[in-house]
Amino acid sequence: MDKTNLVKEAEKHLKFLCEEIGERRVGGEGNRRSTEYLKTIFIESGWNTEETLLQVMDWKTNGATLTYEDRSFEVFSSHYSLGCNVKGELMAVDSIESLEHSDIENKIVLLYGKIASEQIAPKNFPFWNPEEHQYLVSLLEKGKPQAIITATERNSSLAGGVYPFPLFEDGDFDIPSVFMKDTEGEKLLTYDGKRVSLMSEAVRIPETAYNVICRKGSNAGKRIVVTAHIDTKIGTPGAIDNATGVTVLLLLADMLKNYQGNRQVELVAFNGEDYYGATGQRKYIQQNEGRFGDILLNINIDGAGYKDGLSCFSVFGLPKDIEAATEWVIETSDGIVEGLPWYQGDHSLFIQQNCPAIAVSSDWFIRNMGNQEITHTSKDNLSVVNYERVAECAEGIVNLINRL
Ligand SMILES: [Zn+2]
């Protein structure tokens, strides 16, 4: 396929994923339509295709309200939280020390300030789980409050561009919670010790989702595993995060449909990178236990195709020959530069298994991760995508695979 057609194909896939479907939260209908779309194209392009069923939790809310007498405050149901309809004494807590010394049983706890400064890792999240977070969760669970209100400020490096962000986004944490802006939390502080009413009309719904995996090439050789997550956070069409990555997989399926190299190429659409359960990633690790040694290289695409700047390939633990091939690809592609190291993506799971890895992303995004307001918001739509960058990523990866 020539470049013009490749760019057109990229645009077609991206319009389907971001505009016809939009949000692709794990467990949602849009997510299943997206994996179905991939499966169909993989099969049509002659790949040996399988889908892996995942038991996941979908989640919905009809909104939340917080009131003291006739005064009301703007709150939002924390994603994946249970709902509630409770009345109780408001108790404000701004540090772990004060939480340790407070009797919060049956209270409605307001977490604000330092204790609410960064999103808390989901209880059972396998890839990142700081001890302070686990300690906070255990203090809250032991304390048995009726519900939790969290007041959060802007923190784009940890929660994307979302403000306010849910401090808890965890379908395994069973204390109902809502979140609000830090400025709204300051107003609420005046009512510390008063009896407030909190209602959150949120429900968890057991649902299904799928990983889609397809393979081509010789079974005898080592595998090249190309990955991209297909899920989005709630409330975003996820263009850069990560419809562009999925689109690169779709372009590769077509560009490599006659691949007959001595490697096995495996394309994986993961379901769960932006989901508390990381269900698809865990499933893949389980399925590949004892077989990560067969992986020659992981190429993970996440955050690619941003409108400003070039694409970047960040390398992790490459052996000499793969490093040389990657350098050649970078040198011969106008649109690709070597990227800084970053770890907030699915390549990390391969790195943790000692596999060499390359993360494909946008140079601008990696450099501005901590001060952009696009990720995980409605601003992550097709207006921030450059289709040519997406096509160039696919070309770069095909060139690399053919050279290995
Ligand atoms: Zn992502």
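Reading the values: the criteria
Residues numbered from 1 in each chain as written. Predicted model: local features only at pLDDT ≥ 70, side-chain atom pairs only at ≥ 80, totals over all residues. Heavy atoms only, no water. Pairing = 2+ DSSP bridges. Helix = DSSP H or I, 4+ residues; strand = E, 2+ residues; numbered from the N terminus. Salt bridge = Lys/Arg side-chain N within 4 Å of Asp/Glu carboxyl O. Buried < 20%, exposed > 50% of the residue type's maximum accessible area, 1.4 Å probe, protein only. Donors = N, O, S within 2.8 Å, 3.2 Å for Na, K, Ca; no water. Tetrahedral: all angles 85-135°; square planar, octahedral: opposite > 155°, others 65-115°. Phe/Tyr/Trp six-rings, centres within 6.5 Å; stacked < 30°, edge-to-face > 60°. Lys NZ or Arg CZ within 6 Å of the ring centre and 35° of its normal. Contact = heavy atoms within 4.5 Å. Polar contact = N/O pair within 3.5 Å; in protein donor to acceptor, adjacent residues only side chain to side chain. Domains from an automatic or database assignment. Buried area = accessible area lost by both parts, 1.4 Å probe.

Caption draft 1: How the structure looks around the pairing of strand E1 (residues 48-68). The sheet contact formed by E1 and strand E8 (residues 195-217) spans 18 bridges and is antiparallel. Within E8, the position partnered with Asp58 by the bridge is Ile205. Sheet topology places E1 next to strand E2 (residues 71-73); 3 bridges connect them, and they run antiparallel. Of the residues in E2, the one forming a bridge with Thr67 is Ser72.

Caption draft 2: Examining the pattern of salt bridges more closely. Summed over the entire model, instances satisfying the criterion amount to 22 salt bridges. For the salt bridge of Glu141 with Lys123, the shortest nitrogen-to-oxygen distance reads 2.9 Å. Separated by 18 residues along the polypeptide, Glu141 in helix H4 (residues 131-143) and Lys123 in the loop between strand E5 (108-111) and H4 bring together distant segments of the chain. Judged by relative accessible area, which is 33%, Glu141 ranks as partly exposed.

Caption draft 3: Inspection of the coordination of the zinc ion at higher detail. At 2.0 to 2.5 Å from the zinc ion lie its protein donor atoms, namely His229 (NE2), Asp241 (OD), Asp302 (OD) and Asp302 (OD). Taken together, the 4 donor atoms surrounding the zinc ion define angles of 51 to 142° at the centre, an arrangement classified as irregular. Read from N- to C-terminus, the donor residues coordinating the zinc ion fall into the pattern H-x11-D-x60-D. Pair noted here: His229 is in strand E9 (residues 223-229) and Asp241 is in helix H7 (residues 239-255), with a separation of 12 residues, a long-range link. Look at His229 and you get buried, because its relative accessible area is 0%.

Caption draft 4: Highlighting the packing of aromatic side chains. For the structure on display, the rule yields 18 aromatic pairs. Taken together, Trp59, Tyr80, Tyr275 and Tyr276 form an aromatic cluster joined through their ring pairs. Sitting over the face of the ring of Trp47, Lys216 holds its NZ or CZ atom 5.5 Å from the ring centroid. Seen from the ring of Trp328, Arg403 lies directly overhead, with NZ or CZ sitting 3.9 Å from the centre.

Caption draft 5: Expanded view of unusual backbone geometry. Geometrically, the link from Tyr163 to Pro164 is a cis peptide bond, its omega value of -10° lying close to zero. The topology assignment puts Pro164 in the loop between helix H5 (156-159) and strand E7 (177-181). A cis amide bond, omega 10°, links Asp241 with the succeeding residue Asn242. Backbone geometry at Glu69 places phi at a positive 50°, although glycine is not the residue there. In this structure, Glu69 sits in the loop between E1 and E2. Even without glycine at this site, Asn354 takes up a positive phi of about 65°. By the element assignment, Asn354 lies in the loop between helix H10 (347-352) and strand E14 (357-362). Judged by relative accessible area, which is 71%, Asn354 ranks as exposed.

Caption draft 6: Seen up close, the environment of Ser77. In this fold, Ser77 is placed in strand E3 (residues 76-77). Separated by 14 residues in the primary sequence, Ser77 and Gly63 place their C-alpha atoms 6.3 Å from one another. Those residues in contact with Ser77 that lie beyond four places of it in its chain are Trp59, Thr61, Gly63, Ala64, Ser177, Val178, Phe179, Ser200, Glu201 and Ala202. In terms of polar contacts, Ser77 uses its side chain to reach the side chain of Ser200, at 2.9 Å.

Caption draft 7: Quick look at the domain arrangement of the protein chain. One can read the domain layout of the protein chain as domain 1 (3-58 + 207-403) and domain 2 (59-205). In this structure, domain 1 and domain 2 have C-alpha centres spaced 34 Å apart. Among the residues of domain 1 in contact with domain 2, Asp58, Ile234 and Tyr276 are the three that bury the most area, contributing 35% of the side total. Inspection of the region where domain 1 meets domain 2 yields 4 residue pairs in polar contact (both at pLDDT 80 or more). Counting residues per element, the ones that place at least two in the side of domain 1 that touches domain 2 are E1, helix H8 (279-287) and H10.

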